[in-house]
Amino acid sequence: HIDATKCVARDSTTVGCTQSVKEILSSARRSEKDGLLEVKSFPPESFDKILLDPPCSALGLRPKLTVPQTKERDLASHADYQKRFIRAAVDLLRSDGQGILTYSTCSINAMENEANVKWTLETFSCMELIDIGIECGHPGLAGYGLTTSE
């Protein structure tokens, strides 16, 4: 049995870290506005790697018999919500060029994928796409601001 909180926690000798991940999460309060945990104790740049899988429209899940979002603005609202998670993740990620953010959704909505990647690259000068050396899937959708190589 692996305790995932110990996999990401730095020991207490790390500068800025005085609590374990379990202690930080147990002391967090849930926001009345959106239900997210309000974690205020993770110091900026305290993570080497972050896997960000924010809430999405789930348009890529199959089989799916209904799609509750019927308007473009409903779909766009997911992308806007995800930007809050991206911003928080970038703030927590090392900024010395060694931090890695992996962004993932289960949606085929380009506003939640390609457009959010483009927004991230434009908004945060410390972020860049890197080649992970694995070829899988297909190129992203055109028309959302990313170049062919991106």
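The coordinates are above.
Let me begin by describing the structure that accompanies this report. (Residues numbered from 1 in each chain as written. Predicted model: local features only at pLDDT ≥ 70, side-chain atom pairs only at ≥ 80, totals over all residues. Heavy atoms only, no water.)

1. Side note on the nonpolar core
- By size, the foremost hydrophobic cluster in this structure holds 13 residues, and its most contacted members are Ile50, Leu52, Ile86, Val90, Phe124 and Met127.
- For this core, the elements supplying multiple residues, two or more each, are strand E3 (49–52) and helix H3 (72–92).
- For this core, the leading source of residues is H3, giving 4 residues.
- Ile86 has contacts with Leu52, Tyr103, Asn116, Trp119, Thr120 and Phe124, leaving out every residue within four places of it along the chain. (Core = buried A, V, L, I, M, F, W, Y, C linked by side-chain atoms within 4.5 Å. Buried < 20%, exposed > 50% of the residue type's maximum accessible area, 1.4 Å probe, protein only. Helix = DSSP H or I, 4+ residues; strand = E, 2+ residues; numbered from the N terminus. Contact = heavy atoms within 4.5 Å.)

2. Observations concerning the packing of H3 against helix H4 (residues 114–123)
- Running from N to C, H3 and H4 cross one another at 45°; their axes reach a closest spacing of 11 Å. Taken together, H3 and H4 sit at an angle that is classed as oblique. In this structure, the crossing between H3 and H4 has a hand that is right-handed. On H4, the residues touching Ala79, Gln82, Lys83, Ile86 and Arg87 of H3 are Asn116, Trp119, Thr120 and Thr123.
- Residue composition of the contact of H3 with H4, by class: 3 nonpolar, 4 polar and 2 charged. (Axes fitted to C-alpha atoms, helices over the stretch in contact; angles between N-to-C directions. Parallel < 35°, antiparallel > 145°, perpendicular 65-115°, else oblique. Left-handed = near helix turned anticlockwise from the far one by under 90°. Nonpolar A, V, L, I, M, F, W, Y, C, P; charged D, E, K, R; others polar.)

3. A few points about the pattern of salt bridges
- A full pass over the atoms with the stated rule returns 4 salt bridges.
- Beyond isolated ion pairs, a larger network of salt bridges with shared partners links Asp48, Arg94 and Asp96. (Salt bridge = Lys/Arg side-chain N within 4 Å of Asp/Glu carboxyl O.)

4. Regarding the packing of aromatic side chains
- Enumeration over the complete set of coordinates arrives at 2 aromatic pairs.
- Taking the centre distance of 5.2 Å and the plane angle of 85° together, the rings of Tyr81 and Phe85 count as edge-to-face. Linking Tyr81 with Phe85, this pair stays in helix H3, spanning 4 residues, or about one helical turn.
- Residue classification places Tyr81 among the partly exposed positions, given a relative accessible area of 24%. (Phe/Tyr/Trp six-rings, centres within 6.5 Å; stacked < 30°, edge-to-face > 60°.)

5. Structural notes on H4
- Within H4 the residues assigned to the buried category are Glu114, Asn116, Trp119 and Thr120.
- On its buried face, H4 sits against H3 and strand E4 (100–103).

6. Examining H3
- Across its 21 residues, H3 extends 31 Å between first and last C-alpha, which sits within 8% of the 30 Å expected from 1.5 Å per residue.
- All of the buried residues along H3 are Leu75, His78, Ala79, Gln82, Phe85, Ile86, Ala89 and Val90. Within H3, the buried residues cover an arc of 135° as seen down the axis, which keeps them to one side.
- Contacts from the buried residues of H3 go to E3, E4 and H4. (Expected span 1.5 Å × (residues − 1). Arc of directions from axis to C-beta.)

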